[in-house]
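Descriptive analysis of the structure
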Amino acid sequence: MRNEMECTESRDRMSAFADGELDALAARQLTRHLAHCPDCAQACAQLLALRAAVRQHGTRHAAPASLHQQIRQALLGEGSAAKEVPRRRKWAQLPWAWINLGVAGASTAAFAVTLALYLSVPSDAERLDQEIVASHFRSLMPEHLADVASSDQHTVKPWFSGRLDFSPPVVDLAQAGFPLIGGRLDYIKQRPVAALAYRRHQHVLNLYVWPDQAQRDASPRLTVRQGYHLIRWSRSGMQYRLISDLNVPELMDFERRLTAQIDQDGLP
């Protein structure tokens, strides 16, 4: 009975989780439940996949320029020509200060609606973060973490040859406490990317790598998405995204060691 209650509560939270509206504690609780409940995990994965598909293929339509005027006219109560004269008499009896206030209020309301619609559209960076979170979540499902499961970088790196149009840096950080789990192909930003999985105790770290020569070098930047810590940076024409529920100091330590090893080995 307890499991059924947990499933019901978890499914009630899935939409908020997909929208990034859960706090960190609730997101971790949901993630722990999903790790032990295949039915809920599948339902959540389907929801995230659906949202990703809608974001990628959906068509957005801007409100027409006439919408503001239509809303304003509706709020001012302009109706048919038959009622025009009585309404003019009624309006003539009203203080113009109140009329101006009503017009200003209608304009403000229309502007607020337009602004809200604009702000509700996620930026390119936010959409990319959402794709990373969805991919990370899918990878945590059984048998989804690695296409090539190996802790040997000399096994994982050649596996990508012929599967990608670039050579991703594969670094061995086992001595630092971040053993390599393996690698897989993923699809981010409408292109195939390399996904490298590492482990820190019971935590999984997913590192996404793809080339972007147009992107300038950028220092690591930390964000929190749906209870996960996400670090993004760019270096030497490559984009990097690192995501995990690992604590921030250890996650930043991984990024520093990774970058230092890439520089030492002369990798791209």
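Bear in mind that the values here come from a model prediction, so they are computed numbers and not experimental data. (Residues numbered from 1 in each chain as written. Predicted model: local features only at pLDDT ≥ 70, side-chain atom pairs only at ≥ 80, totals over all residues. Heavy atoms only, no water.)

Turning our attention to the overall build of the chain. Broken down by element type, the chain carries nine helices and seven strands. A burial count over the chain gives 36% of its 268 residues as buried. Nonlocal contacts in the chain, meaning residues at least 24 apart in sequence, comprise 60% of its contacts between residues at least 6 apart. Carbon and sulfur atoms form 53% of the exposed surface of the chain, whose accessible area is close to 16,000 Å². (Helix = DSSP H or I, 4+ residues; strand = E, 2+ residues; numbered from the N terminus. Buried < 20%, exposed > 50% of the residue type's maximum accessible area, 1.4 Å probe, protein only. Contact = heavy atoms within 4.5 Å. Areas by Shrake-Rupley, 256 points an atom, 1.4 Å probe, with all protein chains shown as cover.)

With that out of the way, let us pick up the packing of aromatic side chains. Considering all chains together, one arrives at four aromatic pairs under this definition. Ring centres of W159 and F160 lie 5.2 Å apart, and the angle between their planes is 80°; this geometry places the pair in the edge-to-face category. By relative accessible area, W159 is classed as buried at 17%. A residue is classified by how much of its surface remains accessible, and F160, at 1% relative accessible area, is buried. Relative to Y240, the ring of W233 has its centre 5.0 Å away and its plane inclined at 5°; by these criteria the two rings are stacked. Take W233: its relative accessible area is 4%, and that puts it in the buried class. (Phe/Tyr/Trp six-rings, centres within 6.5 Å; stacked < 30°, edge-to-face > 60°.)

What follows concerns the side chain of D129. Structurally, the position occupied by D129 is in helix α7 (residues 124-139). When its relative accessible area of 1% is taken as the criterion, D129 is described as buried. Dropping the residues within four chain positions of it, D129 is found in contact with T223, R225, L230, R232 and R241.

Attention now moves to the environment of D253. With respect to the secondary-structure elements, D253 resides in helix α9 (residues 248-265). Assessed through its relative accessible area of 21%, D253 is described here as partly exposed. Separated by 77 residues in sequence, D253 and A176 place their C-alpha atoms 9.4 Å apart.

Let us now look at the confidence of the model for the chain. Regions with low pLDDT carry predicted coordinates that are not meant to be interpreted in detail. A residue-level look at the chain finds 74% of positions with pLDDT of 70 or above and a mean pLDDT of 79. By mean pLDDT, the top-scoring element of the chain is strand β4 (residues 203-211) (96), and the lowest-scoring one is helix α6 (residues 96-119) (53). (pLDDT = per-residue confidence, 0-100.)

For Q190, which is not glycine, the phi dihedral falls at a positive 60°. Using a relative accessible area of 55% as the deciding quantity, one classes Q190 as exposed. Within the chain, H201 stands out as a residue other than glycine whose phi angle is a positive 60°. Tracing the backbone through its elements, the reader meets H201 in the loop between β3 (191-200) and β4. With a relative accessible area of 56%, H201 lands in the exposed category.

Here α9 contains 18 residues, and its C-alpha end-to-end distance of 26 Å stays within 8% of the 26 Å for a straight helix at 1.5 Å per residue. Within α9, burial applies to L251, F254, E255, L258, T259 and I262. End-on, the buried residues of α9 take up no more than an arc of 125°, which puts them together on one face. Facing away from the buried side of α9 by more than 90 degrees, the exposed set consists of P249 and Q264. Looking at the packing, one finds that the buried side of α9 touches β3, β4, β5 (218-225), β6 (228-235) and β7 (238-244). The positive-phi residue at the C-terminal boundary of α9 is G266, with phi of around 70°. (Expected span 1.5 Å × (residues − 1). Arc of directions from axis to C-beta.)

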